[in-house]
Amino acid sequence: AQSVTQPDIHITVSEGASLELRCNYSYGATPYLFWYVQSPGQGLQLLLKYFSGDTLVQGIKGFEAEFKRSQSSFNLRKPSVHWSDAAEYFCAVGARVGSQGNLIFGKGTKLSVKP
Amino acid sequence: GAGVSQSPSNKVTEKGKDVELRCDPISGHTALYWYRQSLGQGLEFLIYFQGNSAPDKSGLPSDRFSAERTGGSVSTLTIQRTQQEDSAVYLCASSIPGPMAPLHFGNGTRLTVT
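Residues numbered from 1 in each chain as written. Chains lettered and ligands numbered in written order. Predicted model: local features only at pLDDT ≥ 70, side-chain atom pairs only at ≥ 80, totals over all residues. Heavy atoms only, no water.

## Some points on the overall build of chain B
The condition that has to hold: Each helix is a run of DSSP H or I of at least 4 residues and each strand a run of E of at least 2, with the numbering of both proceeding from the N terminus. Only protein chains enter the accessibility calculation, which uses a 1.4 Å probe; a residue is then buried when its area is under 20% of its type maximum, exposed when over 50%, and partly exposed in between. Contacts are assigned to residue pairs with any non-hydrogen atoms lying within 4.5 Å of each other. For every accessible area listed, the method is Shrake-Rupley and the probe measures 1.4 Å; residues are considered covered only by the protein chains on display.
Looking only at helices and strands, chain B has 0 helices and 10 strands in total. Overall, chain B shows an N-to-C arrangement of helices and strands of β-β-β-β-β-β-β-β-β-β. Principal-axis analysis of the C-alpha atoms places the extent of chain B at approximately 40 × 30 × 25 Å. Counting the 114 residues in chain B, one finds 48% classified as buried. In chain B, the proportion of contacts linking residues at least 24 apart, taken out of those at least 6 apart, comes to 54%. Total accessible area computed for chain B in this model is approximately 5500 Å², and 45% of it derives from carbon and sulfur atoms.

## Some points on the state of the cysteines
Residues and elements named next belong to chain A. Put simply, the rule is: Any cysteine sulfur atom paired with another within 2.5 Å is treated as part of a disulfide.
One pass over the full model with this rule turns up 2 disulfides over all chains. Across the disulfide from C23 sits C91; the S-S distance is 2.0 Å. A torsion of -65 degrees about the S-S bond marks the disulfide between C23 and C91 as left-handed. Here the residue C23 occupies a position in the loop between β3 (19-21) and β4 (24-26), and C91 occupies one in strand β10 (residues 87-94), the gap between them amounting to 68 residues.

## A closer look at unusual backbone geometry
Of the consecutive residues S7 of chain B and P8 of chain B, the connecting peptide bond is found in the cis state with omega at -10 degrees. Mapping P8 of chain B onto the fold places it in the loop between β1 (5-7) and β2 (10-13). A positive phi angle, near 50 degrees, is found at S72 of chain A, a position not held by glycine. Turning to its location among the elements, S72 of chain A is positioned in the loop between β8 (64-68) and β9 (73-78). The exposure class assigned to S72 of chain A is partly exposed, which follows from its relative accessible area of 27%. Unlike most non-glycine residues, R81 of chain B shows phi in positive territory, near 45 degrees. For R81 of chain B, the position within the fold is in the loop between β7 (75-79) and β8 (88-95).

## Examining the sheet that holds strand β3 (residues 19-24) of chain B
Residue and element names in this part refer to chain B. Formally: At least two DSSP bridges between two strands are needed for those strands to be called paired. Interaxial angles span 0 to 180 degrees and are taken between N-to-C directions of axes, which are lines fitted to C-alpha atoms, for helices over the stretch in contact.
Strand order in this open sheet of 4 strands is β1-β3-β7-β6, and the pairing throughout is antiparallel. Either end of the sheet is taken by a strand with one partner, and the two such strands are β1 and β6 (65-69). When strand polarity is set aside, the average angle formed by the axes of neighbouring strands in this sheet is 15 degrees. Summarising the sheet, β1 and β3 pair through 3 bridges and their orientation is antiparallel. Bridging across to β3, S5 finds its partner in D24.

## Structural notes on the nonpolar core
Residues and elements named next belong to chain A. Condition: Within this scheme, the nonpolar core is defined by two criteria: the residues are buried Ala, Val, Leu, Ile, Met, Phe, Trp, Tyr or Cys, and they are joined through side-chain atoms within 4.5 Å.
One finds L19, W35, L47, L48, F74, L76 and Y89 to be the most contacted residues of the largest nonpolar core, which totals 26 residues. Looking at this core, the elements that each hand over two or more residues are β2 (10-14), β3, β5 (32-38), β6 (44-50), β8, β9, β10 and β12 (109-114). If you tally residues by element for this core, the top one is β10, at 4 residues. Leaving out residues up to four positions away in the same chain, L47 has contacts with W35, Y36, V37, G59, I60, K61, F63, L76 and Y89.

## Section: the confidence of the model for chain A
The test is simple: Values of pLDDT, which run from 0 to 100, indicate the predictor's confidence residue by residue.
With 93% of its residues at a pLDDT of at least 70, chain A reaches an overall mean of 90. Averaged pLDDT values for the elements of chain A fall to 84 in strand β11 (residues 103-105) of chain A and rise to 98 in β3 of chain A.

## Points about the interface of chain B and chain A
Accessible area lost upon the coming together of the parts serves often as the stated size of an interface. Which entries qualify depends on this criterion: Accessible area, probed at 1.4 Å, shrinks when two parts are joined; the buried area is that loss added up over both. By definition, a salt bridge exists where a carboxyl oxygen of Asp or Glu is found within 4 Å of a side-chain nitrogen of Lys or Arg.
Each side of the interface is counted separately: chain B has 18 residues, and chain A has 21 residues. Counting each side, the surface lost to burial between chain B and chain A is near 1700 Å², with a carbon and sulfur contribution of 60%. A per-residue breakdown of the area chain B buries against chain A is headed by L43, P99 and M100 of chain B, which together make up 33% of the total. Joining chain B to chain A, the criterion identifies 0 salt bridges.

## Some points on the packing of aromatic side chains
The criterion, for reference: Each Phe, Tyr or Trp ring (for Trp, its six-membered ring) is paired with any other whose centre lies within 6.5 Å, and the angle between the two planes then decides the class: stacked below 30 degrees, edge-to-face above 60, tilted in between.
Inspection of every chain in the model, using the stated rule, returns 14 aromatic pairs over all chains. Arranged with centres 5.7 Å apart and planes meeting at 85 degrees, the rings of Y36 of chain A and F105 of chain B form a pair that is edge-to-face. In this pair, Y36 of chain A is assigned in strand β5 and F105 of chain B in strand β9 (residues 104-105), connecting two distinct chains. Take Y36 of chain A and F105 of chain B: they sit in the same class, and that class is buried. Chaining the aromatic ring pairs together yields one cluster made of F34, Y36 and F105 of chain A together with Y33, Y35, F45, Y48 and F105 of chain B.

Written as structure tokens, this is what we have:
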């Protein structure tokens, strides 16, 4: 069965510093991969997604993620963090076949940004 | 346009009571999902509706949980005989068909069982 692991529960970075949030997945075939962000008091919003093609995908708000099949990873990165990036970030893997369109989410990584 | 709307935004109920949570998806979105978000547990899939197909109920944690979707639009999640462990934020999401279609989430219903 597919699963997603986000090893870091909470990360704190200084504003302007670079960021990398880790995500590892378990899936038997090429997965659909997603990153969502949940800002305080707001619903989840899609940052970016990957299925095939270029393994480096660009998303909104200056985020990018790189798919590495050999490491079963899909880490999220941002070169320079802004205070408004403080939120909880969820990695998710999607089923490809059948009527099951559900996403399996990781437990999330909470990002705090120091001024 | 309007996003996914959930009501109520907060619900406090006594243990043993039944509750109904409502979700209004984005117009035209044929796929509808319910998730549960507990502190430190991420998002737990509950149920998925796609058009007129039989729903995927594989995530419902017990037979106290049920959901229906009337007319392919509004959905209601019902929890019977609530327990304290049911306390969580219940999130609804909708999308167009397809595994790569992004999910549009509502702001959720925070359920507290006392």
